[in-house]
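Breakdown of the fold
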Amino acid sequence: MSDLLFGLDTFGDVPQDDAGNLVSHAAAIRQVVDEAVLADQLGVDVIALGEHHRPEYSVSTPETVLAGIATRTSRIRLASGVTVLSSDDPVRVFQRFATVDALSNGRAEVILGRGSFTESFPLFGYDLRDYDTLFEEKIDLFVKLLDEKPVTWSGTLRAPLENADVFPKTESGRLDTWVGVGGSPQSVVRTAQYGLPLMLAIIGGAPDRFAPYIDLYRRAAEQLGTTAHPVGMHSPGFIADTDEEAREIYWPHYRIMRDRIGKLRGWPPIRRQEFDSEVENGSLYIGSPETVARRMARAIRSLGVGRFDLIYSAGAQPASARMRAVELYGSKVIPMVRELLA
């Protein structure tokens, strides 16, 4: 499993300082850059930044923060996690990530998604009734842009392009592009149709239940005559020196964030019992390095994935504890997982 990749994933959640006060959005963005620099030094393969337009999160333009990280790192890959393509323009997304690719000497990756949050749609003037069509049309255009040749394209929700050439070009001739999927079979098949790598958002329940999606992706690629790439998964978690410490740092802030989002979606408040059950048997990888490594190795083995990205922030966990989590992930968890899978 030497070609297995390990990443870290964050939405730039606004953390607390050591006095227990929330920091500013600006400080939260600088915190993410510092965490990425540490991850680079420790040999983590990827840093992925999600796009959100809510007060709890500081990253609304992943590629801008990735550009800052690019100039302070040397080897870590720089990804979005995800870019909400439906409420953005494919040409601009390509240009911005091609620019990050230039600044980082070819380390940029875009992970395209429809977004599980909908704040960006009214913000940028898109109608939620067009949710599916927006993504279908825009991914179709984006895939054409990846050839880095003049593009002729037309759809129903964006102005057509006639022999349009888009700059800058990448040095490699192709921008690394994934599709992030939360559990829709149609999205899995569409990803296979375009021959793009699949990133599964596994944020609750036993990871094994996603095995049919991976099987569907491989079967669809075979039937469509495209390439089935190694599949990635991203799941939430947190690492501290002991299991108890990790849970106690994570839980209060996770509960606030989960209930705030749950209220909008009609979910009942989360109980501590559910949280503990998810930590023990589900898709929350929380605990000491040994505990997290064992659970990650089990999930990687059962699903046969080629990449695991840990979403290491969820709510206002203290900035110092987050930095420690990054340190333990890079220095202890990743080597342990590799050993367990060897």
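One can find the structure itself at the top, above this paragraph.
Now for a description of the structure that goes with this document.

The rules behind each value
Residues numbered from 1 in each chain as written. Predicted model: local features only at pLDDT ≥ 70, side-chain atom pairs only at ≥ 80, totals over all residues. Heavy atoms only, no water. Helix = DSSP H or I, 4+ residues; strand = E, 2+ residues; numbered from the N terminus. Buried < 20%, exposed > 50% of the residue type's maximum accessible area, 1.4 Å probe, protein only. Contact = heavy atoms within 4.5 Å. Areas by Shrake-Rupley, 256 points an atom, 1.4 Å probe, with all protein chains shown as cover. 1 Å grid on protein atoms, 1.4 Å probe; cavity = no way out; pocket = protein on both sides within 12 Å on 5 of 7 lines; lining within 4 Å. Points joined across faces, edges and corners; volume = space filled by probe spheres on them. Nonpolar A, V, L, I, M, F, W, Y, C, P; charged D, E, K, R; others polar. Axes fitted to C-alpha atoms, helices over the stretch in contact; angles between N-to-C directions. Parallel < 35°, antiparallel > 145°, perpendicular 65-115°, else oblique. Left-handed = near helix turned anticlockwise from the far one by under 90°. Salt bridge = Lys/Arg side-chain N within 4 Å of Asp/Glu carboxyl O.

Moving on: the overall build of the protein chain. Across its full length, the protein chain carries 11 helices and 12 strands. Within the span of the protein chain, comprising 342 residues, buried residues form 56% of the whole. Long-range pairs, those at least 24 residues apart, make up 73% of the contacts in the protein chain between residues at least 6 apart in sequence. Carbon and sulfur atoms form 52% of the exposed surface of the protein chain, whose accessible area is close to 14,600 Å².

Looking now at the layout of surface pockets. Considered as a void within the structure, the second largest pocket measures approximately 180 Å³ in volume. Considering only residue class, the lining of the second largest pocket consists of five nonpolar, two polar and three charged.

Bringing the packing of helix α3 (residues 90-103) against helix α5 (residues 131-145) into the picture now. Viewed as axis vectors pointing N to C, α3 and α5 meet at an angle of 40°, and their least axial separation amounts to 9 Å. With respect to α5, the axis of α3 lies oblique. Crossing of α3 against α5: the hand is right-handed. Between α3 and α5, the contacting residues are Pro90, Val91, Val93 and Phe94 on the first element and Lys138, Leu141, Phe142 and Leu145 on the second. Its residues assigned to classes, the contact of α3 with α5 comprises seven nonpolar, no polar and one charged.

Our next topic: the packing of helix α10 (residues 289-303) against helix α11 (residues 319-341). Axis angle and axis distance: for two packed helices, these are the angle between their axes and the distance between the axes, and together they describe the pair. Contact geometry of α10 with α11 gives a least axis separation of 9 Å together with a crossing angle of 45°. Here α10 is positioned oblique relative to α11, judged by the angle of their axes. In terms of crossing hand, the pair formed by α10 and α11 is right-handed. Contact with α10, carried on its side by Pro289, Glu290, Val292, Ala293, Arg294, Met296, Ala297, Ile300 and Arg301, involves Leu328, Tyr329, Lys332, Val333, Met336, Val337, Leu340 and Leu341 of α11 and no other residues of that element. When the residues that make up the contact of α10 with α11 are grouped by side-chain class, the tally is 13 nonpolar, no polar and four charged.

All right, on to the pattern of salt bridges then. Within the structure shown, the criterion is met by 30 salt bridges. Here Arg77 ties to Glu109 by a salt bridge, and the two come within 2.7 Å at their closest N and O atoms. Here Arg77, found in strand β3 (residues 77-80), pairs with Glu109, found in strand β5 (residues 108-113); they are 32 residues apart in sequence, far enough to count as distant. The class of Glu109 is buried, set by a relative accessible area of 3%.

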